[in-house]
Amino acid sequence: MKMHRRNRMAEAEYDQLSALLDRFKQEKAMNLEMLDGFFSALHCSPETTQPSAYLPELWGGGELLDEEDFESDQQANTFMELVMRFWNDVLSRLESEEVFLPILLSDESGKLFSGNDWAKGFMRGTEFNYSDWLDLMQNDEHGGLFVTIFALCHEHDPDPDMRPYKEPVSEALREKLLIGLSAGVMHTYRYFEPHRKMAARLAKHEKTFRRERTKVGRNDPCPCGSGKKYKKCCGQVTLH
């Protein structure tokens, strides 16, 4: 089902979330650009990742938010509300028929940054359900979707051998890389769509099975139809 634009955030909300993210001082904490890439990867993923697993990545590790990162409980609650709004915002952009436009930070003059943080955030998102992502990355037909993301992610890598370019990236080349990034994300989202639908159907079936399954007492007739009491039949397997 297509997401409606009512799930999109206002510019003021982007700014507010960006300012709150900047309060985190941990080395691996994310800014808004990195978070956009991170959430994009999670939405593209063939499997659902629970918030309890991915949220600590936002502030750089640790299960719980540090109270010292916020001025009040209200500010912390506002942060979490904006994060969930942003989660839906990213999905809205992926689900729309428009070209996916990543959120890139800009300097005071309005010039967009490199896209490096976005690519790093996306690659951090692929660490969840990595075996599925690895299959795609090594796919001869579709693995090329990651070329531009890899290039931007490792542009300034501490290891020179990981850098895709020996010379500084020109504005023309960067624009080409960012266009390739947008196209690659959309193709990846569509590539894993059948996997996500299958996972959703299986999850729904499992939930329905658990809801419909009735509890059997130890002295009740075994539901397998043997005529024996449950504790003398299938219940023995459960007990042992």
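Here is what the cut-offs are and how they apply
- Residues numbered from 1 in each chain as written.
- Predicted model: local features only at pLDDT ≥ 70, side-chain atom pairs only at ≥ 80, totals over all residues.
- Heavy atoms only, no water.
- Core = buried A, V, L, I, M, F, W, Y, C linked by side-chain atoms within 4.5 Å.
- Buried < 20%, exposed > 50% of the residue type's maximum accessible area, 1.4 Å probe, protein only.
- Helix = DSSP H or I, 4+ residues; strand = E, 2+ residues; numbered from the N terminus.
- Contact = heavy atoms within 4.5 Å.
- Phe/Tyr/Trp six-rings, centres within 6.5 Å; stacked < 30°, edge-to-face > 60°.
- Lys NZ or Arg CZ within 6 Å of the ring centre and 35° of its normal.
- pLDDT = per-residue confidence, 0-100.
- Lys, Arg positive; Asp, Glu negative; His and termini not counted.
- Salt bridge = Lys/Arg side-chain N within 4 Å of Asp/Glu carboxyl O.

Next up on the list: the nonpolar core. Among the nonpolar cores identified, the biggest contains 55 residues, and Phe39, Phe79 and Phe86 are the most heavily contacted of them. Those elements that provide at least two residues to this core are helix 1 (11–21), helix 2 (32–44), helix 3 (51–59), helix 4 (73–95), helix 5 (116–125), helix 6 (130–137), helix 7 (147–153) and helix 8 (171–191). Residue contributions to this core peak at 9 residues, all from helix 4. Not counting chain neighbours up to four residues away, the residues in contact with phenylalanine 39 comprise Tyr54, Leu58, Val83, Phe86, Trp87 and Val90.

Within the fold, methionine 198 resides in helix 9 (residues 193–212). Separated by 151 residues in sequence, methionine 198 and glutamate 47 place their C-alpha atoms 9.5 Å apart.

Under the defined criterion, the tally for this structure stands at 19 aromatic pairs. Seen from their ring centres, tryptophan 133 and phenylalanine 146 are 5.8 Å apart, and the 80° between their planes marks the pair as edge-to-face. Highlighted residues: tryptophan 133 in helix 6 and phenylalanine 146 in the loop between helix 6 and helix 7, separated in sequence by 13 residues. Assessed through its relative accessible area of 0%, phenylalanine 146 is described here as buried. Connected via pairs of aromatic rings, a cluster forms that spans Phe100, Trp118, Phe122, Trp133, Phe146, Phe150, Tyr191 and Phe192. Taking NZ or CZ as reference, arginine 196 lies 4.0 Å from the ring centre of tyrosine 189, over its face.

A separate point is the confidence of the model for the protein chain. On average, residues of the protein chain carry a pLDDT of 82, and 77% of them reach 70 or more. Taken as a whole, residues 1–5 scores under 50 in pLDDT and shows 9 contacts with residues more than four places along the chain or in a different chain. The low-confidence segment residues 236–240 (pLDDT under 50) makes 4 contacts with residues lying over four places distant or belonging to another chain.

Along the polypeptide, aspartate 69 turns up in the loop between helix 3 and helix 4. With no salt bridge to any partner, buried aspartate 69 finds its closest opposite charge in arginine 23, at an N-O distance of 6.6 Å. Apart from the residues lying within four places of it in its own chain, the contact partners of aspartate 69 are Arg23, Phe24 and Gln26.

Turning our eyes to something else, we now look at the pattern of salt bridges. If you walk through the whole model with that rule in mind, you get 8 salt bridges. Where aspartate 89 meets arginine 8, a salt bridge forms, and the shortest distance between an N and an O atom there is 3.3 Å. Here aspartate 89, found in helix 4, pairs with arginine 8, found in the segment before helix 1; they are 81 residues apart in sequence, far enough to count as distant. Classification of arginine 8 as partly exposed rests on a relative accessible area of 22%. For the salt bridge of arginine 93 with aspartate 36, the shortest nitrogen-to-oxygen distance reads 2.5 Å. With a gap of 57 residues between them, arginine 93 in helix 4 and aspartate 36 in helix 2 connect regions that are remote in the sequence. Relative accessible area serves as the criterion here: at 5%, arginine 93 is assigned to the buried category. Take aspartate 36: its relative accessible area is 0%, and that puts it in the buried class.

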